[in-house]
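Given next are the chains, with one letter for each unit.
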Amino acid sequence: MILSERISLMEESLTLAIAQKARELKAAGRESISFSAGEPDFDVPQVVKDAAIAAINGAFNKYTAVGGIDELKEAIAGKLKRDNGLDYSPKNIVISSGAKHSLFQLFAVLINRGDEVIIPAPAWVSYPEMTRYHGGKAVIVQTQAQNDFKMTPLELQAALTDKTKIVVIGSPSNPTGSVYSREEIAALGAVLKGSGAFVISDEIYEKLIYGVKFASTASVSDDLFSRTITVNGLSKSVAMTGWRLGYLAAANAEIAKAVVKLQSQSTTNACSIVQKAAIAALDGRADGDIEVMRQKFEKRRDLALELFNEIDGLKPIVPRGAFYLFVSHEAIEKDSMKFCLKLLEETGVATVPGVGFSREGYFRMSFAVSEAEIEKGIGKISAFARGYRR
Ligand SMILES: Cc1ncc(COP(=O)(O)O)c(C=O)c1O
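Computed from a predicted model, the values in this text were never measured in an experiment. (Residues numbered from 1 in each chain as written. Predicted model: local features only at pLDDT ≥ 70, side-chain atom pairs only at ≥ 80, totals over all residues. Heavy atoms only, no water.)

Engineer: Would you explain the site of the ligand in this entry?
Structural biologist: Surrounding the ligand, one finds Gly98, Ala99, Lys100, Trp124, Tyr127, Asn174, Asp202, Ile204, Tyr205, Ser235, Lys236 and Arg244. Backbone polar atom of Lys100 to an oxygen atom of the ligand: 2.8 Å apart, as the coordinates give it. Here an oxygen atom of the ligand and a side-chain polar atom of Ser235 are 2.6 Å apart. Isolated, the ligand exposes 400 Å² of accessible area, and the fraction of that covered by the protein chains is 91%. When atom positions are compared with the pocket grids, the ligand is found to occupy the largest pocket. Grouping the amino acids of the shell around the ligand by side-chain chemistry returns five nonpolar, three polar and four charged. (Near = heavy atom within 4 Å. Polar contact = N/O pair within 3.5 Å; in protein donor to acceptor, adjacent residues only side chain to side chain. Areas by Shrake-Rupley, 256 points an atom, 1.4 Å probe, with all protein chains shown as cover. 1 Å grid on protein atoms, 1.4 Å probe; cavity = no way out; pocket = protein on both sides within 12 Å on 5 of 7 lines; lining within 4 Å. Sits in = over half its atoms within 2 Å of the grid points. Nonpolar A, V, L, I, M, F, W, Y, C, P; charged D, E, K, R; others polar.)

See the structure below:
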């Protein structure tokens, strides 16, 4: 056998596969609209670009400390204090090349073969795959639409065993846009009390929130603070997907140290220039730009919801955060892969099948595109749904 057992346990990322198919259609000269990618279409704030240029001109070229430069760790500690009421010292913070990198390394340092990872679904594609790659068992908890697709304490209780090593909370959620309130997190925390489970709180969409209050898991109780690893980054809130910067903060310094050890033997530090630029993104200087982007996303969300209102057979969940609509097509088709492939082939509109998020009967569309594209694309989806033949 050429490939390792580990890699064959993992599936290719479905979001990337669909984006690739859409690119192929475009290359073949077909008109296409992509609602599939998970990234903002905005430019990076000028103040962040200026900081990067200053770092380049200042020849900040060398390897840095593996876990990141002190100046950035302090900026992150400051952000976590200011925005989230969290007290982390720099030694509890590890900077990596994207939140995905932070998450991958966390799974690597925490999971032993057979350990269980509780993942509320619909769930971001990578959580179950990372779990399996590291020899863990993904325990998918199917949440309910009537609970806004949030895991309830009873659902958590039913999934929790003495093998549970990690509970993943992604809020705001990709793909549903659901946001857990402080009270909801506290109720989940009460279930975990006394257990040996860690919580990985993926807060990458924290800044993209519409009319509700964001609550950071570790800030909800002392017990949750000690068992939670907070993960965040710049990709979504500051439109810096390609720059690759993410970070984690773990109350348990042993976990942070293990991640640094792994990183020292794999990728070493996150890009030195980007680390310098990230300070400008996190210390408050980019807050105005971040808010402008949030407002634009909110406007697009409202527009997309309004357009879906007119379509029979397709029902979106109202997202409270992130930049996705998770839309039920169950009334006209159960199989999400079939629905999305047909939609892409017949109309050139790319969306992502719900099955990739561990949920059939839905597709995810990103509204991180222009209002004109939203109107045109949803128009095509509407016509497609009207004429849908199984
Ligand atoms: C829920 C969630 N977590 C983490 C990430 C990874 O972000 P990054 O670009 O920082 O690796 C993504 C990106 O799609 C995401 O949707």
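Read on, since the account is not over.
Engineer: What is the right way to look at the packing of aromatic side chains in this model?
Structural biologist: Under the definition given, this model contains 18 aromatic pairs. When the ring of Trp124 is compared with that of Tyr127, the centres are 5.2 Å apart and the planes differ by 80°; the resulting orientation is edge-to-face. Given the relative accessible area of 6%, Tyr127 is considered buried. Between Tyr210 and Phe367 the ring centres are 6.5 Å apart and the planes differ by 50°, which places this aromatic pair in the tilted class. With a gap of 157 residues between them, Tyr210 in the loop between strand 6 (198-202) and helix 9 (222-227) and Phe367 in the loop between strand 13 (362-366) and helix 14 (371-386) connect regions that are remote in the sequence. We classify Tyr210 as buried; its relative accessible area is 3%. Phe367 gets classed as buried once you look at its relative accessible area, which sits at 0%. (Phe/Tyr/Trp six-rings, centres within 6.5 Å; stacked < 30°, edge-to-face > 60°. Buried < 20%, exposed > 50% of the residue type's maximum accessible area, 1.4 Å probe, protein only. Helix = DSSP H or I, 4+ residues; strand = E, 2+ residues; numbered from the N terminus.)

Engineer: What's the story with helix 12 (residues 287-309) in this structure? I'm lost.
Structural biologist: Given 3.6 residues per helical turn, the α-helix brings residues three or four places apart onto the same face. Here helix 12 is 23 residues long and its end C-alpha atoms lie 33 Å apart, about the 33 Å a rise of 1.5 Å per residue gives. Within the span of helix 12, buried status applies to Ile290, Met293, Arg294, Phe297, Arg300, Arg301, Leu303, Ala304, Leu305 and Phe308. Buried residues along helix 12 sit against helix 11 (272-282), strand 9 (315-316), strand 10 (324-328), strand 13 and helix 14. (Expected span 1.5 Å × (residues − 1). Contact = heavy atoms within 4.5 Å.)

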